[in-house]
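# Reading the structure
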Amino acid sequence: MYFFGKISLGIALLVLAFSAVAFGETYRCVNSDGMFEYTSRPCLSDGTVAPSPPALVETESKSPSPKWDGSTCPMILSPKPEPSGSRDKRSQQLDRYEAQLYSDARAGRIRWVELVDQFYLECADLFPGFHTVNLVEVSAYQRVLAEKMDNRSITESEWVYHLETQAADIRARQQIIHNSR
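### Focus: the nonpolar core
Counting 26 residues, the largest nonpolar core has Leu-77, Trp-112, Leu-115, Val-116, Phe-119, Tyr-120 and Trp-159 as its most contacted members. At the level of elements, helix H2 (89–107), helix H3 (112–126), helix H4 (136–150) and helix H5 (156–179) are the ones that each hand at least two residues to this core. Considering each element in turn, this core owes the most residues, 8 residues, to H3.

Right, dumping it as structure tokens:
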């Protein structure tokens, strides 16, 4: 009886393996030792086991995308939430969004870096097709200051001061360029 139990168990395993191969769930390939191996990966043309596909690893990019770097936005995140004065509906919508982002950052619901990134993403969505590299300096500086705000290295009044100083420097530079023409 013991002998027939072993044989029936072996036959059951063979039937199970054959049915898995026959119905496409498993492949019968030759492994590196020359033995048959049942695998879920298809065999190569020579009958050997196909190598495992590389694992997909998600990495978070540290560099801002073109939509985040301000090059796709005609407006600049202001140092404090204030209306732009534009009559364009998109600009007014961006003004409201900017005020909401500042409110969320102050309340700790989002980080300051997210404030900068989300502002420029929304602006890029509102103004499709716009592209200039002139505003990248501003958004990059805002992002650096936002990181300092997140690390609590500077206060919000210093944030405003640094951004206002940068804006004044840019205006002075543009005036010099304008006067030299």
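### Brief notes about the packing of H3 against H4
Angle between the axes and distance between the axes are the two parameters that describe a pair of packed helices. Packing of H3 against H4 brings their axes to within 7 Å, and their N-to-C directions diverge by 155°. Here H3 lies roughly antiparallel to H4, going by the angle between them. Residues Trp-112, Val-113, Val-116, Asp-117 and Tyr-120 of H3 lie in contact with H4, whose contacting residues are Val-138, Ser-139, Gln-142, Arg-143, Ala-146, Glu-147, Met-149 and Asp-150. Per-class residue counts for the contact of H3 with H4 are 7 nonpolar, 2 polar and 4 charged.

### Considering the environment of Tyr-102
Turning to its location among the elements, Tyr-102 is positioned in helix H2. Expressed as a C-alpha distance, the spacing of Tyr-102 and Pro-79, which sit 23 residues apart in the sequence, is 9.7 Å. Apart from residues lying up to four places away in sequence, Tyr-102 is in contact with Leu-77, Ser-78, Pro-79, Lys-80, Pro-81, Trp-112, Leu-115, Glu-156 and Trp-159. At a separation of 2.4 Å, a polar atom in the side chain of Tyr-102 contacts the main-chain carbonyl oxygen of Ser-78.

### Here we look at the confidence of the model for the chain
Predicted confidence across the chain gives a mean pLDDT of 76, with 61% of residues reaching 70 or more. Looking over the chain, one finds the lowest element-wise mean pLDDT in helix H1 (residues 2–22), namely 56, and the highest in H2, namely 93. Here residues 54–64 scores under 50 on pLDDT; set against residues more than four positions off or in separate chains, the count is 2 contacts.

### Things to note about H4
Look at H4: 21 Å from first C-alpha to last across 15 residues, which is about the 21 Å you get at 1.5 Å a residue. Along H4, the positions that sit buried rather than exposed are Val-138, Ser-139, Gln-142, Arg-143, Leu-145, Ala-146 and Met-149. Where H4 is buried, its residues meet H3 and H5. Positive phi shows up at Arg-152, right after H4, with a value of about 60°.

### Observations regarding the packing of aromatic side chains
The final tally for this structure, using the stated rule, is 3 aromatic pairs. Seen in terms of ring centroids, Phe-119 and Tyr-120 are 5.0 Å apart; in terms of plane orientation they differ by 90°. Their pairing is edge-to-face. Here the two residues Phe-119 and Tyr-120 agree in accessibility, since each one is buried. By way of ring pairs, the aromatic residues Tyr-102, Trp-112 and Trp-159 are connected into one cluster.

Rules used throughout
Here, residues in each chain are numbered from 1, in the same order as that chain's written sequence. Thresholds applied to this predicted model are a pLDDT of at least 70 for local features of residues and 80 or more for the giving and counting of side-chain atom pairs; totals over whole chains, interfaces and linings are not thresholded and use all residues. To get the side-chain values, all heavy atoms of the structure are used, and hydrogens and water are removed first. Each nonpolar core is a collection of buried residues, namely Ala, Val, Leu, Ile, Met, Phe, Trp, Tyr and Cys, held together in the definition by side-chain atoms within 4.5 Å. Note on exposure labels: buried denotes an accessible area under 20% of the residue type's maximum, exposed denotes more than 50%, and partly exposed covers the range between, all computed with a 1.4 Å probe on protein chains only. Helical segments are the DSSP runs of H or I of at least four residues, strand segments are the runs of E of at least two, and each set is numbered from the N terminus. Orientation is described by lines fitted to C-alpha atoms, with helices fitted over the stretch in contact, and by angles between N-to-C directions that extend from 0 to 180 degrees. Roughly parallel means an angle under 35 degrees; roughly antiparallel means over 145; roughly perpendicular covers 65 to 115; every other angle is labelled oblique. Residues count as neighbours in contact if any of their non-hydrogen atoms are within 4.5 Å of one another. When residues are grouped by polarity, Ala, Val, Leu, Ile, Met, Phe, Trp, Tyr, Cys and Pro land in nonpolar, Asp, Glu, Lys and Arg in charged, and all others, Gly among them, in polar. Identification of polar contacts relies on pairs of N or O atoms within 3.5 Å, with a donor-acceptor requirement for protein atoms, meaning one able to donate a hydrogen and the other able to accept it, and with residues adjacent in sequence counted only if both atoms are side-chain atoms. The pLDDT value expresses, per residue, how confident the predictor is, ranging between 0 and 100. What a helix is expected to span follows from its residue count: subtract one and scale by 1.5 Å. Only Phe, Tyr and Trp rings take part, Trp by its six-membered ring, and two of them pair if their centres are within 6.5 Å. Stacked means planes under 30 degrees apart, edge-to-face means over 60, and tilted covers everything else.

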